[in-house]
Amino acid sequence: PRATLDNAAETSEDPKTTAALSGDETILLVEDFPQLRKRSAQMLSKLGYTVIDTGNGPEALAALADAGHVDLLFTDLVMPNGMSGFDLAARARKILPDIKVLYTSGYAEGAESDFGTVDTSGPRLGKPYSRHELAQAVRRALDRDQGPREDSA
C-alpha cells in the first residue's frame, strides 16, 4: 500500500490532456486502504466527478441504495468483510443494472480468481496509478458500452 501512495504522485502529465478526460458523473469508490481511498477521491473530485467513497462492499451497497443514481462503481478487487470487488459488482448490478464498473488491484491480472467470482469483461486499473492513468481508465469505463449482462451471483 505504501508503494501505491508513493508512486501515485503527480508526474509531468499534460494538464490539458488530463482535463479532456474529466467528467461530471457520479462515481462510487470502494477502497479499504484509507489513504489510497482519500487520494483517489481527491483525484476524481479534481477531475469534476461527484465521488461517494466507502471502505468495503457492505458500505458500498448501502451507499448505492441511498444514492439513487451512480454512473460508475470503481472498486478494489480484494476487500475485507468477505465480499470481493467481483461479488460487489454483481450485487450492485441487481440494484442498478446499468451501472458501469472499473476494477482496481495491486495483484497481477489473473490472480483475482483466488478472490471469488471472476468477471473477465470488466476493465481494470492496476495499482499504483497516476492521476492521468486514473482519468483515462475512468473515462474509458464510463464511455464503454457494457450492454446487457447476466449476473453471475
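Residues numbered from 1 in each chain as written. Predicted model: local features only at pLDDT ≥ 70, side-chain atom pairs only at ≥ 80, totals over all residues. Heavy atoms only, no water.

1. Observations regarding the pairing of strand β2 (residues 50–54)
Argument step 1. With five bridges connecting them, strand β1 (residues 26–30) and β2 associate as parallel partners. The residue bridging Ile-27 from the neighbouring strand is Val-51, located in β2.
Argument step 2. The β-α-β motif built from β1, the intervening helix α3 (residues 34–46) and the parallel element β2 has right-handed crossover chirality. (Pairing = 2+ DSSP bridges. Helix = DSSP H or I, 4+ residues; strand = E, 2+ residues; numbered from the N terminus. Right-handed = clockwise from strand over helix to strand, strands pointing away.)

2. Brief notes about the pattern of salt bridges
Argument step 1. As enumerated under the stated definition, the model contains five salt bridges in all.
Argument step 2. For Glu-25, the salt bridge identified is with Arg-139, shortest N-O distance 2.9 Å. Here Glu-25 is found in the loop between α2 (15–19) and β1, whereas its partner Arg-139 is found in helix α6 (residues 131–143), with 114 residues between them in sequence. An identical accessibility class is assigned to Glu-25 and Arg-139; each is buried.
Argument step 3. Notably, a salt bridge pairs Lys-127 with Asp-76, separated by 3.1 Å at the nearest N-O pair. With a gap of 51 residues between them, Lys-127 in the loop between β5 (124–126) and α6 and Asp-76 in strand β3 (residues 72–76) connect regions that are remote in the sequence. (Salt bridge = Lys/Arg side-chain N within 4 Å of Asp/Glu carboxyl O. Buried < 20%, exposed > 50% of the residue type's maximum accessible area, 1.4 Å probe, protein only.)

3. Some words on the packing of helix α4 (residues 57–67) against helix α5 (residues 85–95)
Argument step 1. The contact between α4 and α5 brings their axes to 10 Å, and the two run at 15 degrees. Between α4 and α5, the interaxial angle falls into the category roughly parallel. When you trace α4 past α5, the crossing you get is right-handed. Contacts from Gly-57, Ala-60, Leu-61 and Leu-64 in α4 reach Leu-88, Arg-91, Ala-92 and Ile-95 in α5. (Axes fitted to C-alpha atoms, helices over the stretch in contact; angles between N-to-C directions. Parallel < 35°, antiparallel > 145°, perpendicular 65-115°, else oblique. Left-handed = near helix turned anticlockwise from the far one by under 90°. Contact = heavy atoms within 4.5 Å.)

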